[in-house]
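# Per-entry structural report
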Amino acid sequence: MKAVVLNGVTPAEQVMLSEVDIPKVKPGWVLVKVKAFGMNHSERILRLNEIENEYIQKPIIPGIECVGEIFNPSDSHFEKGQKVVVLMGGMGREFNGSYAEYALLPAHHIFRVDTRLSWKEMAAVPETYFTAWGSLFECLHLTKNDVLLIRGATCALGYAAMQVAKAVGSKVIATTHKESKLPLLKGADEAVLDMGKLQGRLSGVTKALELVGPKTLYDTLHCMKKGGIVCHTGILGGVYALNGFDPIKCIPNGVYLTGFYSNSPSQEAMDNIFSFIRQNNLRPCVGAEYDYSDIKEACVALDSGKVNGKIVVKMT
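These lines cover the structure that appears in this document, whether it is placed above or below. Please read these numbers as outputs of a predicted model, since none were measured by experiment.

The rules we used
Residues numbered from 1 in each chain as written. Predicted model: local features only at pLDDT ≥ 70, side-chain atom pairs only at ≥ 80, totals over all residues. Heavy atoms only, no water. Helix = DSSP H or I, 4+ residues; strand = E, 2+ residues; numbered from the N terminus. Buried < 20%, exposed > 50% of the residue type's maximum accessible area, 1.4 Å probe, protein only. 1 Å grid on protein atoms, 1.4 Å probe; cavity = no way out; pocket = protein on both sides within 12 Å on 5 of 7 lines; lining within 4 Å. Points joined across faces, edges and corners; volume = space filled by probe spheres on them. Nonpolar A, V, L, I, M, F, W, Y, C, P; charged D, E, K, R; others polar. Contact = heavy atoms within 4.5 Å. Pairing = 2+ DSSP bridges. Axes fitted to C-alpha atoms, helices over the stretch in contact; angles between N-to-C directions. Parallel < 35°, antiparallel > 145°, perpendicular 65-115°, else oblique. Left-handed = near helix turned anticlockwise from the far one by under 90°. Arc of directions from axis to C-beta. Phe/Tyr/Trp six-rings, centres within 6.5 Å; stacked < 30°, edge-to-face > 60°.

### Notes on unusual backbone geometry
For the bond from K58 to P59, the omega torsion is 0 degrees, close enough to zero to count as cis. Tracing the sequence through the fold places P59 in the loop between α1 (41-48) and β4 (65-72). With a phi angle near 50 degrees, H141 is a residue other than glycine that sits in the positive phi range. When you line up the elements, H141 lands in the loop between α3 (126-139) and β8 (147-151). For H141, a relative accessible area of 48% corresponds to the partly exposed category. One non-glycine residue, N281, adopts positive backbone phi at about 50 degrees. Note on placement: N281 falls in the loop between α7 (267-279) and β14 (286-291).

Right, here's the structure in full:
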């Protein structure tokens, strides 16, 4: 089969397809025929620096999610030909991931789906919508009465969160640091140009989805109404931690800080997400679609950060 195999730091321009053996099944693992996969910022981080860490199995096939069909169910409860989504759980880091025609994956991170979405649209859902879903409902307890701030909204996760929040009935304030991208936030009730400081510019914010990360977290905390909740989910700002963060001084009285880590998906969550998409007639936002043979170009697009929405790679 054809697969992307990484042995070390690999700029997008050096990504290529290699011929490797189709994996052999083993107890507890299922062979999935990949139909499409979405691309993620974490895969860029893996290629450009994280792969140098000892905890990354090398050589490694990257990719933290995919959609496809069960090809060999091994000893699992799945049936051949069943439509599934797969995400996280060490995929593309601890074991080979989705940038391949077939993927051998642990049964406990494979989830059946009932959907009429195309493979392309399906591929935009797993990691992106699961992260939005968990952040908005598990962490922020979002309701129709909330005013939600999405900081760093012009990314696939931002668009998904905006879509879900509007379907719930929440008011959405969405930000971007590029004036040229303000028109892309037309789905929000208010689009705001973010130059790094929002404190004093917003009013009535009860919930906030922080996608820029530690770079703007302190400021976001100070945009909240008393009783508000901030969920730290993304690191688009390129700052990964806060040195000297003092919770007593940095978190305003009566404001709550939480975070969402998407490594523990469940069948229940996938059922709820696809049901919500179906009931609200949502169309997952695909920013760009590439054939698998053009995987290098897809990686270049990912690294450029210029695609608005999810990048999807479809097997030909």
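### Points about the layout of surface pockets
Taken as a whole, the second largest pocket encloses approximately 270 Å³ of empty space. Lining the second largest pocket are 18 residues, with M1, D21, P23, I61 and N96 sitting closest to its centre. Top element by residues in the lining of the second largest pocket is strand β6 (residues 102-106). It accounts for three residues. Grouping the amino acids of the lining of the second largest pocket by side-chain chemistry returns 14 nonpolar, two polar and two charged.

### A few points about the side chain of T131
Turning to its location among the elements, T131 is positioned in helix α3. In this structure, T131 is in contact with L157, T233, F260 and S262, ignoring residues within four places of it in sequence.

### Some points on the sheet that holds β8
Pairing is parallel across the open sheet formed by six strands, whose spatial order is β10-β9-β8-β11-β12-β13. In this open sheet, the two edge strands, each paired with only one partner strand, are β10 (190-193) and β13 (256-259). The sheet shows a mean angle of 20 degrees between the axes of neighbouring strands, taken without regard to direction. Of the strand pairs in this sheet, strand β9 (residues 171-176) and β10 are connected by four bridges, and their pairing is parallel.

### Section: the packing of α3 against helix α4 (residues 156-168)
Two measures define how a pair of helices packs: the angle their axes make with one another and the distance between the axes. The geometry of α3 relative to α4 is characterised by a closest axis approach of 9 Å and an angle of 50 degrees between their N-to-C directions. Classified by the angle their axes make, α3 and α4 are oblique. In terms of crossing hand, the pair formed by α3 and α4 is right-handed. Contacts between α3 and α4 involve T128, Y129, T131, A132, L136 and F137 on the former and, on the latter, A156, L157, A160, A161, Q163, V164, A165 and V168.

### Quick look at helix α8 (residues 295-304)
For an α-helix, 3.6 residues make a turn, and residues three or four places apart therefore share a direction. When we look at burial in α8, the residues that qualify are I295, A298, C299, A301 and L302. Each buried residue of α8 lies within a common arc of 160 degrees when the element is viewed along its axis, so the set occupies one face. Those residues of α8 that are buried lie in contact with β1 (2-4), β2 (17-19), β3 (29-38), α1, β14 and β15 (310-314). G305, located one to two residues past α8, shows a positive phi value of around 70 degrees.

### Some remarks on α1
Within α1, burial applies to E43, I45, L46 and R47. Buried positions along α1 lie against β3 and α8.

### Side note on the environment of T143
Residue position: T143 is located in the loop between α3 and β8. Sequence separation between T143 and G169 is 26 residues; the distance between their C-alpha atoms is 7.4 Å. With sequence-adjacent residues up to four places away left out, T143 is seen in contact with V168 and S170.

### Notes on the packing of aromatic side chains
A full pass over the atoms with the stated rule returns seven aromatic pairs. Seen from their ring centres, W133 and F137 are 4.7 Å apart, and the 70 degrees between their planes marks the pair as edge-to-face. With a gap of four residues between them, W133 and F137 both fall in helix α3, about one helical turn apart. On the accessibility criterion, F137 (23% relative accessible area) is partly exposed. Aromatic pair W133 and F276: ring centres 5.2 Å apart, planes at 75 degrees, arrangement edge-to-face. Residue W133 is located in helix α3, and its partner F276 is located in helix α7; the two are separated by 143 residues in the primary sequence. In this structure W133 comes out as buried when scored by relative accessible area, which is 17%. Looking at F276, the relative accessible area reads 14%, which means it is buried.

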